[in-house]
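Listed here are the chains, written in short residue letters.
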Amino acid sequence: MIDPALYDQARDRIAANGFTPEIQTKISLLLCAAKNGNALFHSGVQWVPNFGVVQQFILSQYSREIEAVTLLGRTTHWSQNPMLATEGARIIAPLTLAWGQVMAPPGPMFNPQAAYRGITLGHAQLARIRLLPVIPEKIDPQDPYVVALQRIEQENGRMLQTQIRLLKNIGTELPLEEREALVEQDQLLVDGVFSEFLAWLAAA
């Protein structure tokens with residue numbers, strides 16, 4: 001579980017300093033890494049010859065993740081401090097490694113466990129990485145970056161419902177115990193990354 005105090009500390013930091021380029025950069029580094037991983041996983045559906053309902057769900061996820069990354073790229077005031085990218089990469093590394101394992105040859109299209117792992121990892125990201133709780137109440141609601149975060153959070157809620165459907169329709173050839181273990185494993189992984197991220201966000 002993520003300690004609620006971490007949200008409070010991050011929110012207090014933003015309330016004191018505002019959405020500075022440093023704060024925006026930290027948030028966008030995390031979100032872009034998570035969404036690029038999920039988009040890469042879902043992108044393979046474009047080459048599936050028989051396009052059924054499940055494949056439509058997957059293509060929808062891919063399109064929404066790419067849209068979110070594009071929106072962040074256009075609204076973020078990026079910091080010029082290279083150390084932020086270095087530290088961000090270190091914090092996000094477990095997610096990067098996990099997506100690399102999902103996409104490792106022969107790839108999720110030919111590996112049922114990797115395919116299901118991609119769904120559980122995407123589900124964990126959508127369910128556990130939540131930025132609305134760190135947005136202070138007294139913040140300009142028309143700030144482009146705040147609007148982008150709110151829009152992305154709303155889309156995450158919609159995608160989460162699709163992800164739940166995918167969990168029920170993909171990987172059914174795997175034993176139930178194995179599927180449940182993957183769900184729990186990825187939730188713990190994302191919780192660990194996001195907890196460290198919140199502490200980083202709250203730091204001076």
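Just so we're clear, the structure is a prediction, and the values are computed from it rather than from any experiment.

**Looking at the nonpolar core**
- Counting 50 residues, the largest nonpolar core has F19, I27, F194, F197 and L198 as the members making the most contacts within it.
- Of all elements in the fold, only helix 1 (4-17), helix 2 (21-43), helix 3 (53-75), helix 4 (82-103), helix 5 (112-128), helix 6 (144-169) and helix 7 (176-202) reach the threshold of two or more residues within this core.
- Among the elements that make up this core, the one with the highest residue count is helix 7 (nine residues).
- Apart from the residues lying within four places of it in its own chain, the contact partners of F194 are I2, Y7, L30, R128, I129, R130 and L131.

**A closer look at the environment of D186**
- Tracing the chain through its elements places D186 in helix 7.
- Take D186: its relative accessible area is 0%, and that puts it in the buried class.
- Once the C-alpha coordinates of D186 and A98 are considered, the two residues, 88 residues apart in sequence, prove to be 8.8 Å apart.
- For D186, the contacting residues outside a window of four places in its chain are R117, T120, L121 and A124.

**Thoughts on the layout of surface pockets**
- Volume-wise, the largest pocket comes out at about 410 Å³.
- Looking at the lining of the largest pocket, the elements with two or more residues in it are helix 2, helix 3 and helix 5.
- The element contributing the most residues to the lining of the largest pocket is helix 2, with four residues.
- Taken together, the residues of the lining of the largest pocket break down into 14 nonpolar, eight polar and one charged.

**A word on the side chain of T162**
- Inspection of the secondary structure puts T162 in helix 6.
- Residue classification places T162 among the buried positions, given a relative accessible area of 13%.
- Among residues more than four places away in sequence, those in contact with T162 are F57 and Q61.

**Quick notes on the packing of helix 2 against helix 3**
- At a minimum axis separation of 9 Å, helix 2 and helix 3 run at an interaxial angle of 155 degrees. Taken together, helix 2 and helix 3 sit at an angle that is classed as roughly antiparallel. When the axes of helix 2 and helix 3 are compared, the crossing they make is left-handed. Facing Q24, S28, L31, C32, K35, N36, N38, A39, H42 and S43 of helix 2, the residues of helix 3 in contact are I58, Q61, Y62, E65, I66, A68, V69, L72 and T75.
- Of the residues belonging to the contact of helix 2 with helix 3, the class tally is nine nonpolar, eight polar and two charged.

Criteria and thresholds
- Residues numbered from 1 in each chain as written.
- Predicted model: local features only at pLDDT ≥ 70, side-chain atom pairs only at ≥ 80, totals over all residues.
- Heavy atoms only, no water.
- Core = buried A, V, L, I, M, F, W, Y, C linked by side-chain atoms within 4.5 Å.
- Buried < 20%, exposed > 50% of the residue type's maximum accessible area, 1.4 Å probe, protein only.
- Helix = DSSP H or I, 4+ residues; strand = E, 2+ residues; numbered from the N terminus.
- Contact = heavy atoms within 4.5 Å.
- 1 Å grid on protein atoms, 1.4 Å probe; cavity = no way out; pocket = protein on both sides within 12 Å on 5 of 7 lines; lining within 4 Å.
- Points joined across faces, edges and corners; volume = space filled by probe spheres on them.
- Nonpolar A, V, L, I, M, F, W, Y, C, P; charged D, E, K, R; others polar.
- Axes fitted to C-alpha atoms, helices over the stretch in contact; angles between N-to-C directions.
- Parallel < 35°, antiparallel > 145°, perpendicular 65-115°, else oblique.
- Left-handed = near helix turned anticlockwise from the far one by under 90°.

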